[in-house]
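Here are the chains, one letter per residue:
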Amino acid sequence: MDPQTYTPENSDEVIIWRSITGTYLFWVLGAMYLVAPVIAWILLLRMLKRVLLDKKSYTVSKTQTCWLVAMAMMLLALVIGHLTHDLGLAKLIKSSIGWAKGWALLAIFPLLGSLQIRPELIYRACCIVCKHTLILLPIFILAWVVKLPSTLYTSPLSIIGGPGPEFFNVSLYEIDPASGLPRWRLFTPWAPALGMLGNLFFTFAIQEKSKRFKFYGFAGSFCMILLSQSRLALVCYLLLIGFFMFIRWCRSPWVYFAATPVFMLLGGAGIYVVEKMQQSVAAFKAARAGSTRVRQELANIALERWANEAVVWGHGIVERGPHLVEYMPIGSHHTWYGLLFVKGIVGAIALAIPLLVTLLALLKTLFHSALSAVAVSIIFQLFLYTFGENLEILAYLFWPGLVIVGAALKEART
């Protein structure tokens, strides 16, 4: 296929294509949070209709099924947590809707990878979003320079409900309270989430065949990472570069010839290297000391209350934290602590198992399939961000990566 002429070839691809390339339009409308759940359930129902009524068959791997079972366990943990703590029917219904817009997407989108959706189409669509970012970037920066209001308005769609108003805000920039410097979040709810999307788009840009769109992808994704000022995003970016360099050159004997003396030197200077690594970690944390403190206190509270109050099924819902953590929800900013607090050990296992199974399934074809390599990098990114974000809240943003993971699992048939 001519790399310059990717266009949707069926209705499923049209939905995916328009949902991604229309990112900034949905952002202006304040509808970003709603798009992913809507298309996920629509495509799922269409898929079921074809199977049940049209007798069409799809290739669904065991690992894709594992995600479905695991996210069903998340729902079970949610229900039992609500019943155990007598939270009432209204909160149970609200939380179940939240599950359908969050955790359920981690199972539905990999399943949708079994549809006739070409990965190249997703790569191109995300590079187009990067192009739009480069075009709009001067406006976002100028808004800060001339001191326009950081948030223009909150979409009326917020009445539908969501994790918070920031998911429906149309914001031009934000000021970091710790440093007083500007940060940008663009179409995401907060700046670190923009860094997460920047890394995902960087992964897709590597696979793009067109030099023009590859440039858009590289430049746009790098700007997202820089504008987010996220430490985790920068670390992830460097690790991704190393990963794809290894995938590309691992078969070359020169790599191992060059690596041998390097590792010998590192071995001889082991203590010095360890000390430098410890200093780097300390500097990394000190870069945003206030944020690091709040995150640590949130973790301590979540772990203490989980261990003492609700080990197996969790508390069912998030709770507002004390003044010590600036009233942040307990379990936020960390997927594993959040799962333990809200859904107990059952919830944590329900995420850990499909992540591990997916990684093992894709490792079999890692060096033989470019699609598997991309999917492994996406799983790696998701795992890395479990230590800094709540995955279910941001599933509506990184869903194109989940479709790619599903497509890779379908190709590997594992």
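A brief structural summary.

Calculation criteria
Residues numbered from 1 in each chain as written. Predicted model: local features only at pLDDT ≥ 70, side-chain atom pairs only at ≥ 80, totals over all residues. Heavy atoms only, no water. Helix = DSSP H or I, 4+ residues; strand = E, 2+ residues; numbered from the N terminus. Buried < 20%, exposed > 50% of the residue type's maximum accessible area, 1.4 Å probe, protein only. Contact = heavy atoms within 4.5 Å. Areas by Shrake-Rupley, 256 points an atom, 1.4 Å probe, with all protein chains shown as cover. Salt bridge = Lys/Arg side-chain N within 4 Å of Asp/Glu carboxyl O. Polar contact = N/O pair within 3.5 Å; in protein donor to acceptor, adjacent residues only side chain to side chain. Core = buried A, V, L, I, M, F, W, Y, C linked by side-chain atoms within 4.5 Å. Phe/Tyr/Trp six-rings, centres within 6.5 Å; stacked < 30°, edge-to-face > 60°. Lys NZ or Arg CZ within 6 Å of the ring centre and 35° of its normal. Axes fitted to C-alpha atoms, helices over the stretch in contact; angles between N-to-C directions. Parallel < 35°, antiparallel > 145°, perpendicular 65-115°, else oblique. Left-handed = near helix turned anticlockwise from the far one by under 90°. Nonpolar A, V, L, I, M, F, W, Y, C, P; charged D, E, K, R; others polar. Expected span 1.5 Å × (residues − 1).

### Section: the overall build of the chain
So, point 1. For the chain, the helix and strand inventory stands at 16 helices and 4 strands.
So, point 2. Buried residues in the chain amount to 50% of all 414 residues.
So, point 3. Restricting the contact set of the chain to residue pairs at least 6 apart, pairs at least 24 apart contribute 77%.
So, point 4. Summed over its atoms, the accessible surface of the chain is roughly 19600 Å², and 70% of this surface lies on carbon and sulfur atoms.

### Things to note about the pattern of salt bridges
Note that side chains of opposite charge can pair when their charged atoms are close.
So, point 1. If you walk through the whole model with that rule in mind, you get 9 salt bridges.
So, point 2. A salt bridge links E319 to R305, with the shortest nitrogen-to-oxygen separation between them at 2.7 Å. In this pair, E319 is assigned in the loop between α13 (289-309) and α14 (335-363) and R305 in helix α13, connecting sequence segments 14 residues apart.
So, point 3. A residue is classified by how much of its surface remains accessible, and E319, at 27% relative accessible area, is partly exposed.
So, point 4. Connected via shared salt-bridge partners are E9, E13 and R118.

### Structural notes on the environment of Y58
So, point 1. Relative to the assigned elements, Y58 resides in the loop between α3 (32-52) and α4 (62-84).
So, point 2. With a relative accessible area of 17%, Y58 lands in the buried category.
So, point 3. For the pair formed by Y58 and L111, sequence separation is 53 residues and the distance between their alpha carbons is 9.8 Å.
So, point 4. Not counting chain neighbours up to four residues away, the residues in contact with Y58 comprise M47, R50, V51, S114 and L115.
So, point 5. Here the side chain of Y58 touches R50 through a polar contact of 3.2 Å, side chain to side chain.

### A closer look at the nonpolar core
So, point 1. Ranked by size, the top nonpolar core spans 112 residues in total, and within it F109, F187, F201, F204 and F398 carry the most contacts.
So, point 2. Counting residues per element, this core draws most heavily on helix α16 (residues 391-412), at 14 residues.
So, point 3. Not counting chain neighbours up to four residues away, the residues in contact with F201 comprise C126, V129, C130, F187, S221 and M224.

### What to know about the packing of aromatic side chains
Two measures describe an aromatic ring pair: the distance that separates the ring centres and the angle between the ring planes.
So, point 1. Per the counting criterion, the structure on display carries 19 aromatic pairs.
So, point 2. Taken together, the ring pairs connect Y33, F167, F168, W190 and Y396 into an aromatic cluster.
So, point 3. Taking the ring centre of F213 as reference, the NZ or CZ of R124 above it sits at 4.2 Å.

### Overview of the packing of helix α7 (residues 119-145) against helix α9 (residues 211-228)
So, point 1. Orientation of α7 relative to α9, taken along the N-to-C sense of each, is 60 degrees, at an axis distance of 7 Å. What the angle tells us is that α7 and α9 run oblique. α7 and α9 meet at a crossing whose hand is left-handed. Touching R124, C127, I128, C130, K131, T133, L134 and L137 of α7 are F213, Y216, G217, A219, G220, S221, C223, M224 and L227, all from α9.
So, point 2. Classifying every residue of the contact of α7 with α9 by side-chain character gives 11 nonpolar, 4 polar and 2 charged.

### Regarding α9
So, point 1. End to end, α9 covers 26 Å across 18 residues, agreeing with the expected 26 Å (1.5 Å per residue, within 8%).
So, point 2. Turning to α9, its buried residues number three or more, namely F213, Y216, G217, A219, G220, S221, M224, I225, L227 and S228.
So, point 3. Contact partners of the buried residues in α9: α7, β4 (182-183), α8 (191-207) and α10 (231-249).
So, point 4. Positive phi appears at Q229, one or two residues downstream of α9, with a value of about 55 degrees.

### Side note on the environment of V35
So, point 1. Within the secondary structure layout, V35 lies in helix α3.
So, point 2. Here V35 falls in the buried class, since its relative accessible area comes to 14%.
So, point 3. Excluding residues within four positions of it along the chain, V35 makes contact with S19 and F26.

### Considerations on the side chain of S372
So, point 1. Here S372 lies in helix α15 (residues 370-385).
So, point 2. Owing to a relative accessible area of 0%, S372 belongs among the buried residues under this scheme.
So, point 3. Discounting chain neighbours no more than four positions away, the residues touching S372 are L362, T365, L366, A408 and E411.

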